Structures are given as C-alpha cells and as structure tokens.
Amino acid sequence: MPALYVFLMDYMLKKRIISLIFPTRCPVCSEVIFPHEDFCGKCRGEITPYTSKNSISGANSFTAAFEYNGKISPAIILLKQGVKGNAVYALGKALAKSLENNGLSQKIDVIIPVPLYKSDKRQRGFNQAELIAKEVGRQLKIDVSADTVEKIRKTKAQKTLTQKERKVNLKDAFEVKFPEKIKGKRVLLIDDVCTTGSTLSNISRILRNSGAAEIHCAVCCKTPSIKKEVDVND
C-alpha cells in the first residue's frame, strides 16, 4: 500500500475519531457535518467563488478560492483564532481545489506562507497563513517551507494605511533566509486574505531577487475592493 495513501487514510481516520467527541462543524454556520466535508450544503451554495481577474506585481499568477464578503467572513474569523473548528481544513481544501482547477497544482515545487513578525507569532501562538499552507501542501502533496522567508521588521496594520503608506510600511520588512531552498524553483506564496496585494507583491519581489524561477500567489479570499475591506489583513 503506497505510503501517501496510508498517510491520507490516517489523517481522515483521525478526523473521524475526533468527530466522535467533537463533531465536525461548518466553519460558517456551525452546522454539524461529516468529517470529510468542508462546508454544509447551504453555506457552500451561498459563499461566492472568486472569479475575477487579479494580478500581483512580480508574480506569475494569482489564485483565490473565494470573494471576501459577509458569507465567508465567519470562516476567516475562525481561521484567525487558530486550529479551531473546521476552518483550516475547509479553506485549505477549497484553495487546493482552486489551484487544481487552474492547472497550477502540478507546477509548484515548494509552498511558502506569508510570515508573521516573530513577536506577533509568539503572542498569537500560530500563523494562519502557515496553517493554510500546510493544509494545501497536504492536499496537493507539495512540500511547505515555513522558515524560508522571515518578517524582520514589525509593521503597522496595512488596512489602516493609504496605498502609498502601505508601500513604505513594507519596505525591507521581509527577508529570504534560505535562498537555496527556492533557487530555480516554482514557488507558491500563500496568505489567508488579500486586499491590495502589496504584501504579496513585496515578498514576490524578494523571492525573485533570490533566484526563484516562478512565483505564484494564492489566498483563501480576495476582497472585491479596498473600499469593502472588513476586518482583514492585507
């Protein structure tokens, strides 16, 4: 029996066992669902897939699973609370499916999550982008390198700044610690939510300068416009 099949089987077996004590719930409405499900049928029909065209400066492509709005926001809020409920599995599975649908799943060598500043991660206890990256990596069988890019300078919340201020705010905020891990490789850069894309663009630039062959950006949700931002990060 292939090792990968055993791993996937064990993962779902663990989900089923855990669900006997803590029932799996839809991350939007909290309705009890089967362990292998991401959202309940009702919420799945109401959340909006992202179908618009968007580009990130310095990146080869951009993929988002959903449009950010009030329907999907409960799942994003749950995600920002860490490994809680079914949000990581549901959102990661949806993003992995989007990457499969646009043909990128077979064209990625390594996945890199957008990092948090070390004190912010220590205070929060996790990095939601890393949680999603690991779930996407598990779904698509792609290695995740969470330590390749580091946030070396604390920045202000992007959502509080103008577009010009955002660029200054992110200047020299990120660093590629291990360029050998991405040199000549096709990189998938993952975050939870994207508004203007300035964070993704900034990291894409330093990845390319460090030798990455291609940079593809992917997020769980993309806001429809800067004017419609609702309690999310860039």
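Our structure is the block above this text.
Residues numbered from 1 in each chain as written. Predicted model: local features only at pLDDT ≥ 70, side-chain atom pairs only at ≥ 80, totals over all residues. Heavy atoms only, no water.

Caption draft 1: Representation of the nonpolar core. By size, the foremost hydrophobic cluster in this structure holds 39 residues, and its most contacted members are Phe-39, Phe-66, Ile-72, Leu-91, Val-136 and Ile-190. Broken down by secondary-structure element, the contributors of at least two residues to this core are β1 (61-67), α3 (73-79), α4 (87-101), α6 (128-140), β5 (186-194) and β6 (214-222). Looking at this core element by element, the count peaks at eight residues for α4. When sequence neighbours within four positions are dropped, the list of residues in contact with Leu-91 reads Phe-39, Phe-66, Ile-72, Ala-75, Ile-76, Leu-79, Ile-132 and Cys-220. The next biggest cluster of nonpolar side chains, apart from the first, holds 24 residues, and it includes Tyr-50, Ile-112, Val-187 and Ile-215. (Core = buried A, V, L, I, M, F, W, Y, C linked by side-chain atoms within 4.5 Å. Buried < 20%, exposed > 50% of the residue type's maximum accessible area, 1.4 Å probe, protein only. Helix = DSSP H or I, 4+ residues; strand = E, 2+ residues; numbered from the N terminus. Contact = heavy atoms within 4.5 Å.)

Caption draft 2: A look at the pairing of β1. The buried fraction of β1 amounts to six of the seven residues, a majority that puts the element mostly inside the structure. As paired strands, β1 and β6 are joined by six bridges and run parallel to one another. Bridging from a neighbouring strand, Ser-61 pairs with His-216 of β6. (Pairing = 2+ DSSP bridges.)

Caption draft 3: Seen up close, the pattern of salt bridges. The final tally for this structure, using the stated rule, is eleven salt bridges. Across the salt bridge formed by Arg-44 and Asp-38, the nearest N and O atoms sit 2.7 Å from each other. Of the residues examined, Asp-38 reaches a relative accessible area of 11% and is grouped as buried. Note that Lys-181 is salt-bridged to Asp-147, the shortest N-O span being 3.0 Å. Of this pair, Lys-181 sits in the loop between β4 (174-176) and β5 while Asp-147 sits in the loop between α6 and β3 (149-151), and the two are 34 residues apart along the sequence. A residue is classified by how much of its surface remains accessible, and Lys-181, at 31% relative accessible area, is partly exposed. Residues joined in a network through salt bridges with shared partners are Lys-42, Glu-46 and Lys-71. (Salt bridge = Lys/Arg side-chain N within 4 Å of Asp/Glu carboxyl O.)

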